[in-house]
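# Residue-level structural notes
Here's the letter readout for the chains.
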Amino acid sequence: MRVWVPRDAAARALGADEVAAGLAAHFPVTRNGTRGMVWLEPLVEVEREGVRHGYGPVGPGDVAGLVAAIRSGGPHPLALGPVEDLPWMRAQRRLTFARVGVIDPLSADEFVAQGGLAGLRRAIAIGPQGIIDEVIASGLRGRGGAGFPTGLKWRTVAGAPGGRKYIVCNADEGDSGSFADRMLMEGDPLGLIEGMAIAAIAVGADRGYIYCRSEYPDAIAVTSAAIALAREMGMLGPSVLGSGHPFELELRVGAGAYVCGEETSLLNSLEGRRGTVRAKPPIPALEGFLGRPTVVNNLISLATVPWILAHGGAAYGAMGIGRSTGTIPIQLSGNVRRAGLFEADFGLTLGRIVEEIGGGTATGRPVRAVQVGGPLGAYVPPEDFDVPFGYEELAGRGGLLGHAGITVFDDSADMLRLARFAMEFCAAESCGKCTPCRIGAVRGVETIDRIAAGDEAAIEILTDLCNTMKWGSLCALGGFAPLPVMSALTRFPEDFRPRRAVPQEAAE
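Residues numbered from 1 in each chain as written. Predicted model: local features only at pLDDT ≥ 70, side-chain atom pairs only at ≥ 80, totals over all residues. Heavy atoms only, no water.

## Quick notes on the nonpolar core
One finds W154 and I210 to be the most contacted residues of the largest nonpolar core, which totals 65 residues. Among the elements that line this core, the one with the most residues is helix α9 (residues 189-203), at 11 residues. Contact partners of I210, with chain neighbours within four places excluded, come to C169, A171, M185, L192, M196, T223, I227, L249, E250, L251 and R252. (Core = buried A, V, L, I, M, F, W, Y, C linked by side-chain atoms within 4.5 Å. Buried < 20%, exposed > 50% of the residue type's maximum accessible area, 1.4 Å probe, protein only. Helix = DSSP H or I, 4+ residues; strand = E, 2+ residues; numbered from the N terminus. Contact = heavy atoms within 4.5 Å.)

Following this line, the structure appears as structure tokens:
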């Protein structure tokens, strides 16, 4: 009998360490990643005859009764049945997250037994051009938000002149309501390393970096251990799996600047400089880290590549909707009954995601809006819940897919205050390099306060300011900050009627 208790940060915050310690006094306990059902954490799994049965959410006070139930095989009020049969799990198509929550993230044997290294071995067999062809055929796009085709970026770097090239994984997951990168680093870091090794072979890079935010200490610890394990497995070193391709990898930790999620700010930080945005051109694919050709991809993009290589680009490209191919890890948070990560094909409607998968609001009140794509994403009202979850589909309704985080708000939400928070957030996180973002966000907060105080003429000023920021900012931070503001203003105009001034701490 084997007992599993997640080491995922969300589970630990809910008491998983105490639960694991209590169970370890009676059974062998394995610390896995999370299955993504955060509302059931800590989720304890007990493996009987190859089937894993779940119990949750388990608190430290439940351990004694759970031990007795496990030993006797009898009923328990927290019993959930076979985990794979739970509706949340059965409705998913887990590709990128197939091993997360299933394996011990630092077990080489379990990683390989669950399909690990299959993609890397095929990549070595078909060579650099074959790898790029498969990734292009898959239609895989950047999962960090920009949605740029991954294969085209790799082809550019592969064809760029230069004696040394780099692979950089952007794991600076700063969007509120986003946690997919963290979950994968904590639950299947070897899969990420495999994807980076494939990218290195494809473009001729011999060194890579994972850039992670300092706020993720658990992810940093697990991934650091995984890098050492990957060297022992031959995934890293002078000859990856004996192929003759050298590749070495290092984890770097940022200091918590949101703007370092933008690729050129990230590269500046990686070089030891202040995290400010670079002007383009030149693009990082031609002049990136230390002025050399560099692949900068989001963590989820890189972690998806091994499945594509193992099963073929055509198989991945056959899933999804339109130009949004494959699967997407949807992250549900906020005022929602079932918060967590749900991986599925692109194309689910927003209404189905929020109402059926998420179960509606935690308060039981009607949904007023959801914000899709993090703090720079638009607020979408229920009348637009028929929109399919895809890059172009959301953009066609004035939205942004971003990192696929969805934050739910019920009908008590004040949309003016949420709009103010967007400007306040931008003002706090701006790198300060360009005037529209640095100054515009501060003026945005002041202008929204004027509207709240009854200055209706300030609405036109706010609209003009947002337009200036959208088209004049150097990067997406200033360029997208107007998106939540204008969506709130145009879709919820009743909240922008005169009121008392909004205090500075109102949005916190």
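## Overview of the packing of helix α6 (residues 118-138) against helix α12 (residues 299-311)
Between α6 and α12, whose axes approach to 8 Å, the crossing angle comes to 100 degrees. The pairing of α6 with α12 is recorded here as roughly perpendicular in orientation. In this structure, α6 uses A118, G119, R122, A123, I126, I131, E134, V135 and S138 to contact α12, whose residues at the interface are P306, I308, L309 and A310. Taken together, the residues of the contact of α6 with α12 break down into 9 nonpolar, 2 polar and 2 charged. (Axes fitted to C-alpha atoms, helices over the stretch in contact; angles between N-to-C directions. Parallel < 35°, antiparallel > 145°, perpendicular 65-115°, else oblique. Nonpolar A, V, L, I, M, F, W, Y, C, P; charged D, E, K, R; others polar.)

## Describing the confidence of the model for the protein
Close inspection of predicted coordinates is inappropriate for parts of the model with low pLDDT. On average, residues of the protein score 93 in pLDDT, and 98% of them are at 70 or above. Summarising per-element confidence for the protein, the mean pLDDT is lowest in helix α20 (residues 476-480) (79) and highest in α9 (98). (pLDDT = per-residue confidence, 0-100.)

## So, the layout of surface pockets
Using a probe with the size of a water molecule, rolled over the atoms, empty space left in the structure can be pinpointed. Approximately 1100 Å³ is the volume found for the largest pocket. Secondary-structure elements contributing two or more residues to the lining of the largest pocket are α7 (150-159), β6 (166-171), β9 (294-298) and α20. With 4 residues, β9 is the largest single contributor of residues to the lining of the largest pocket. Looking at the lining of the largest pocket residue by residue, the class counts come to 17 nonpolar, 15 polar and 9 charged. Around the second largest pocket, the lining comprises 20 residues; the ones closest to its centre are G398, K470, P482, L483 and M486. Breaking the lining of the second largest pocket down by element, the ones donating at least two residues are β15 (379-380), α19 (458-472), α20 and α21 (482-491). When residues of the lining of the second largest pocket are assigned to their parent elements, the largest contribution, 6 residues, is made by α21. Its residues assigned to classes, the lining of the second largest pocket comprises 10 nonpolar, 6 polar and 4 charged. (1 Å grid on protein atoms, 1.4 Å probe; cavity = no way out; pocket = protein on both sides within 12 Å on 5 of 7 lines; lining within 4 Å. Points joined across faces, edges and corners; volume = space filled by probe spheres on them.)

## Observations regarding the sheet that holds strand β16 (residues 405-410)
Overall, mixed pairing links the 5 strands, which are arranged β13-β12-β16-β14-β15 in an open sheet. Strand pairing shows two members of the sheet lacking a second neighbour, β13 (340-345) and β15, which therefore form its edges. Across 6 bridges, the pairing between strand β12 (residues 327-334) and β13 is antiparallel. Of the residues in β13, the one forming a bridge with T327 is D345. The strands that helix α14 (residues 350-357) touches are β12, β13, β14 (367-372), β15 and β16; relative to β14, the one it contacts most, it runs at about 115 degrees. (Pairing = 2+ DSSP bridges.)

## Topic: helix α16 (residues 415-429)
Helix length check: α16, at 15 residues, gives a terminal C-alpha distance of 21 Å against a target of 21 Å (1.5 Å per residue), a fit within 8%. For α16, every residue scored as buried is listed here: M415, L416, L418, A419, R420, A422, M423, F425 and C426. By the N-cap criterion, in which a side-chain oxygen at the helix start approaches the backbone nitrogen of a residue two or three places on, α16 is capped by D414, the distance to L416 being 3.1 Å. (Expected span 1.5 Å × (residues − 1). Polar contact = N/O pair within 3.5 Å; in protein donor to acceptor, adjacent residues only side chain to side chain.)

## Overview of empty space enclosed by the protein
Taken as a whole and assessed by the stated rule, the structure comprises 1 cavity of 30 Å³ or more. Put simply, the largest cavity is a space of about 40 Å³. Lining the largest cavity, in full, are V259, V277, S430, C431, K433, C434, C437, L474, C475 and L477. Tallied by class, the residues present in the lining of the largest cavity amount to 8 nonpolar, 1 polar and 1 charged.

## So, the packing of aromatic side chains
Applying the stated criterion across every chain yields a total of 10 aromatic pairs. Their ring planes at 90 degrees and their centres at 4.9 Å tell us that Y166 and F289 sit as a pair that is edge-to-face. Here Y166, found in strand β6, pairs with F289, found in the loop between α11 (263-270) and β9; they are 123 residues apart in sequence, far enough to count as distant. Summarising the burial analysis for this pair, Y166 and F289 share the class buried. Directly above the aromatic system of Y391 lies the positively charged group of R141, at a separation of 4.2 Å from the ring centroid. Above the plane of the ring of Y216 lies R213, whose end atom (NZ or CZ) is 5.3 Å from the centre. (Phe/Tyr/Trp six-rings, centres within 6.5 Å; stacked < 30°, edge-to-face > 60°. Lys NZ or Arg CZ within 6 Å of the ring centre and 35° of its normal.)

## Considerations on helix α10 (residues 217-233)
With 17 residues, α10 should reach 24 Å at 1.5 Å per residue; the first-to-last C-alpha distance of 24 Å fits that figure. Of the residues making up α10, those classed as buried are A219, I220, V222, T223, A226, I227, L229, A230 and M233. In the core, the buried residues of α10 are packed alongside α5 (108-113), α8 (180-187), α9, β7 (207-212) and β8 (248-253).

## Considering the environment of G405
Note that G405 resides in strand β16. C-alpha separation for the pair G405 and F179, spaced 226 residues apart in sequence, amounts to 8.1 Å. Discounting residues that sit within four places of it in the chain, G405 has contacts with G177, S178, Q331, Q371, V372, G373 and G374.

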